[in-house]
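A closer look at the structure
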Amino acid sequence: SQAISLHLIYKAHREDLLGKTPEDRVWAKVIAGVLEDLGRDGMGLVYNPNWETELPKVVAEKITPRLKKLNDYLAGKKFFLGDNIALVDFGAYFDFHVIRAIHASAISEQPNIVTFLNTYENIPEIKAYLASDRYQAKPIFSPNAPLKI
């Protein structure tokens, strides 16, 4: 839940992670809403016993249009709110990571999202974590999910 993240942000006095300006905070909420829909699309596939037949339709009708909007919004930006990472970027990374595992070309066809992922994964602390023994690439979801990612 976002509650834990928000609590930690306020506890650490890092409200800037929510956006530096009121306009940033509005955009962060808009982007979070699109990401929530994208995440729901991905989860719907992961836990759908008929995911193989549903995949092409969900990717074409839901996932790709949402990714296109997010890709367009990222144009010329390092992160969703500009040059500095924000809370919304962490959620975006997770959702993009899931979609990349489900249908890699849906992500690879969005150059600004690919750049975002590379930028995020090359943040020194994140890069070190991804290279560590603590990082577990899979399973992302329950081993009982029909779609094994």
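Above: the structure in question.
My aim in this report is to walk through the structure given alongside it, one point at a time. Model, not experiment: these values are computed from the prediction. (Residues numbered from 1 in each chain as written. Predicted model: local features only at pLDDT ≥ 70, side-chain atom pairs only at ≥ 80, totals over all residues. Heavy atoms only, no water.)

**Overview of the overall build of the protein**
Selection criterion: Numbering goes from the N terminus for both helices and strands, where a helix is a DSSP run of H or I of at least four residues and a strand is a run of E of at least two. As defined in this context, the radius of gyration uses C-alpha atoms, and a globule is described by 2.2 Å times the residue total to the power 0.38. Each residue is placed in one exposure class: buried if its accessible area under a 1.4 Å probe, protein chains only, is under 20% of its type's maximum, exposed if it is over 50%, and partly exposed if it falls in between. By definition in these notes, contact holds between two residues if any of their heavy atoms fall within 4.5 Å. Here the positive residues are Lys and Arg and the negative ones are Asp and Glu; neither His nor the chain ends is included. Note that the charge is assigned to NZ on lysines, CZ on arginines, CG on aspartates and CD on glutamates.
Each helix and strand counted, the protein has 7 helices and 0 strands in total. Traced from its N-terminal end to its C-terminal end, the protein shows the element sequence α-α-α-α-α-α-α. The C-alpha atoms of the protein give a radius of gyration of 16 Å, which matches the 15 Å a tight globule of 149 residues would have. Taken along the three principal axes of its C-alpha coordinates, the protein extends 45 × 35 × 25 Å. With 149 residues in all, the protein has 35% of them scored as buried. The contacts of the protein with a sequence gap of at least 6 include a subset with a gap of at least 24, amounting to 68%. For the protein, the centre of its 18 positive side-chain charges and the centre of its 18 negative side-chain charges are spaced 2 Å apart.

**A closer look at the packing of aromatic side chains**
Test applied: Note on ring pairs: Phe, Tyr and Trp rings are taken, using the six-membered ring of Trp, and paired if centres are within 6.5 Å. Classes follow the plane angle, with under 30 degrees stacked, over 60 edge-to-face and the rest tilted. Two limits define a charge over a ring: the Lys NZ or Arg CZ must be within 6 Å of the ring centre, and within 35 degrees of the ring normal.
Going through the model one piece at a time under the given rule, you end up with 12 aromatic pairs. Here a set of aromatic residues connected by ring pairs shows up, and it is made of Trp27, Tyr73, Phe79, Phe80, Phe90, Tyr93, Phe96, Phe116 and Tyr120. Over the ring of tyrosine 73 we find lysine 77, and its NZ or CZ is 4.0 Å from the ring centre.

**Regarding the pattern of salt bridges**
For clarity, the cut-off: Just to be clear on terms, a salt bridge is a Lys or Arg side-chain nitrogen sitting within 4 Å of an Asp or Glu carboxyl oxygen.
One pass over the structure, following the stated rule, counts 6 salt bridges. Here arginine 40 and glutamate 36 are joined by a salt bridge, their closest N and O atoms 3.1 Å apart. Of the two residues, arginine 40 and glutamate 36 are both situated in helix H2 (residues 22–46); the distance of 4 residues between them amounts to about one turn of the helix. Here arginine 40 falls in the partly exposed class, since its relative accessible area comes to 47%. Notably, a salt bridge pairs arginine 40 with aspartate 37, separated by 3.0 Å at the nearest N-O pair. On the criterion of helical spacing, the pair formed by arginine 40 and aspartate 37 is a turn pair, its members being 3 residues apart in helix H2. A single salt-bridge network, built from bridges that share partners, covers Glu36, Asp37, Arg40, Asp41 and Arg66.

**Some points on H2**
Definition in use: One less than the residue count of a helix, multiplied by 1.5 Å, gives the span that helix is expected to have.
Between its first and last C-alpha, H2 extends 36 Å over 25 residues, near the 36 Å set by a 1.5 Å rise per residue. For H2, the secondary structure elements touched by its buried residues are helix H3 (51–74) and helix H4 (87–102).

**Details of the packing of H3 against helix H6 (residues 111–121)**
For clarity, the cut-off: Whenever a helix is involved, its axis is fitted only over the stretch in contact; in every case the axis is a line through C-alpha atoms, and angles between N-to-C directions fall within 0 to 180 degrees. Just so you know how the angles are binned, under 35 degrees is roughly parallel, over 145 roughly antiparallel, 65 to 115 roughly perpendicular, and the rest oblique. Each crossing is labelled by how the near helix is turned from the far one, with a counterclockwise turn of less than a right angle marking it left-handed and a clockwise turn marking it right-handed. Gly counts as polar in this scheme, as do all residues outside two lists: the nonpolar Ala, Val, Leu, Ile, Met, Phe, Trp, Tyr, Cys and Pro, and the charged Asp, Glu, Lys and Arg.
Across the interface, H3 lies against H6 with an axial gap of 7 Å and an inter-helix angle of 70°. Accordingly, the angle class assigned to the pair H3 and H6 is roughly perpendicular. Between H3 and H6 lies a crossing whose hand is left-handed. Facing Leu67, Leu70, Asn71 and Leu74 of H3, the residues of H6 in contact are Pro111, Asn112, Ile113 and Phe116. By residue class, the composition of the contact of H3 with H6 is 6 nonpolar, 2 polar and no charged.

**Some words on the side chain of aspartate 41**
Mapped onto the elements, aspartate 41 comes out in helix H2. The class for aspartate 41 is buried, based on a relative accessible area of 9%. With near-sequence residues (within four places) excluded, aspartate 41 lies in contact with Val58, Lys62, Ile63 and Arg66.

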